[in-house]
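# Observations on the model geometry
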Amino acid sequence: MQMRFLGHACVEVCGSKRILIDPYLTGNPAAAAAPGELAPDYILVTHGHGDHLGDAVEIAKRTGAQVITMVELGRWFDGQGIDALGMNIGGSYIFADGFRVKVMPAWHSSQLPDGSPCGLAVGFVFWLDGMCFYHAGDTGLFGDMKAVIAPHGIDVAFLPIGDFYTMGPDDALIAAEWLGARKYVPIHYNTFPLLQQDPQAFKAALEERTDAECVVLAPGEAAEL
Ligand code: NI
Ligand code: MN
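An account of the accompanying structure is given in this report. (Residues numbered from 1 in each chain as written. Chains lettered and ligands numbered in written order. Predicted model: local features only at pLDDT ≥ 70, side-chain atom pairs only at ≥ 80, totals over all residues. Heavy atoms only, no water.)

## Comments concerning the coordination of the manganese ion (ligand 2)
- Taken together, the protein donors to the manganese ion (ligand 2) comprise D51 (OD), H52 (NE2), D138 (OD) and H188 (NE2), at separations of 2.1 to 2.2 Å.
- For the manganese ion (ligand 2), all donor residues lie on one chain, and their spacing in sequence is D-H-x85-D-x49-H.
- Taken as a pair, the manganese ion (ligand 2) and the nickel ion (ligand 1) show a spacing of 3.4 Å, with D138 coordinating each metal. Of this pair, H52 sits in helix 1 (residues 50-53) while D138 sits in the loop between strand 10 (131-135) and helix 4 (144-149), placing them 86 residues apart in sequence. (Donors = N, O, S within 2.8 Å, 3.2 Å for Na, K, Ca; no water. Helix = DSSP H or I, 4+ residues; strand = E, 2+ residues; numbered from the N terminus.)

Spelled out as structure tokens, the structure:
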């Protein structure tokens, strides 16, 4: 099994299935793939901001991938001709092939591409080939990471560290202490001037404060799991 960082908050986890999260590639200065190169089975969309929704419609239409998102944003996908699975916080679903996903809270806003408000932003816990993943989406630090997310027994957590719109490195370190995951991958930094961070400093601090490993991936880089 492999995880690949495609830039900003876009991550691909490839095992028996290909899971693509927040496929913002077109217009992403850090994009490490073109939408046409990807062939996911599932596309998880944490919220409607353009730097997360991204190319989800185009990729889903071309590949037939199942889109999973919040119910309000799911209705918008339906209007684009895509039969999205619109879920809500705390809900989980197991597909016939065994892929399981659960919707987690996030402290963030959401909107549609036309600027109108659209429900809540979320994160996802998902299970693939016996491993448990957490993609936090865009969020500030919140205490329920400890109470509601950590009990799933996270193997790999993708956490924003860019600050300004999300947690910065200091709050992401607290999140890591609460989540108790085995591995962390920092995301949502250095894409834009406002999000400048030093991922190696974050890695050093995280590995000093926890027993976990911090895997820093440059856009396009992959790591075995
Ligand atoms: Ni956002
Ligand atoms: Mn964002």
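Alright, that's what it looks like, and here's the rest.
## Notes on the coordination of the nickel ion (ligand 1)
- Listed as protein donors to the nickel ion (ligand 1) are H47 (NE2), H49 (ND1), H108 (NE2) and D138 (OD); their distances from the metal cover 2.2 Å.
- Around the nickel ion (ligand 1) sit four donor atoms; with metal-centred angles ranging over 89 to 177°, the donor geometry is irregular.
- Binding-site remark: the nickel ion (ligand 1) is held by donors from one chain whose sequence spacing is H-x1-H-x58-H-x29-D. (Tetrahedral: all angles 85-135°; square planar, octahedral: opposite > 155°, others 65-115°.)

## Section: the sheet that holds strand 11 (residues 156-160)
- Read across the open sheet, the seven strands follow the order 7-8-9-10-11-12-13; overall the sheet is mixed. Where the open sheet ends on each side, the last strands, each with one partner, are strand 7 (92-94) and strand 13 (213-214).
- In this structure, strand 7 lies alongside strand 8 (residues 100-105), joined through three bridges in antiparallel fashion. Bridge pairing in strand 8 links I94 to R100.
- Together, strand 10, strand 11 and strand 12 (183-187) form the strand contacts of helix 5 (residues 169-179), whose direction differs from that of strand 11 by roughly 155°. (Pairing = 2+ DSSP bridges. Contact = heavy atoms within 4.5 Å. Axes fitted to C-alpha atoms, helices over the stretch in contact; angles between N-to-C directions.)

## Observations concerning the pairing of strand 10
- By the criterion of burial, strand 10 is predominantly enclosed, with five of the five residues buried.
- Of the two faces of strand 10, the one carrying M131, F133 and H135 and the one carrying C132 and Y134 are both buried.
- Pairing of strand 9 (residues 122-128) with strand 10, which is carried by five bridges, proceeds in the antiparallel orientation. Of the residues in strand 10, the one forming a bridge with L128 is M131.
- Linking two consecutive strands that pair antiparallel, namely strand 9 and strand 10, is a turn of two residues; a positive phi of about 50° is found at D129 within it.
- Examined bridge by bridge, strand 10 and strand 11 share three bridges and lie parallel to one another. Considered in strand 11, the bridge of Y134 is made with A157.
- Following the chain from strand 10 across helix 4 to the adjacent parallel strand 11, one finds a crossover that is right-handed. (Buried < 20%, exposed > 50% of the residue type's maximum accessible area, 1.4 Å probe, protein only. Right-handed = clockwise from strand over helix to strand, strands pointing away.)

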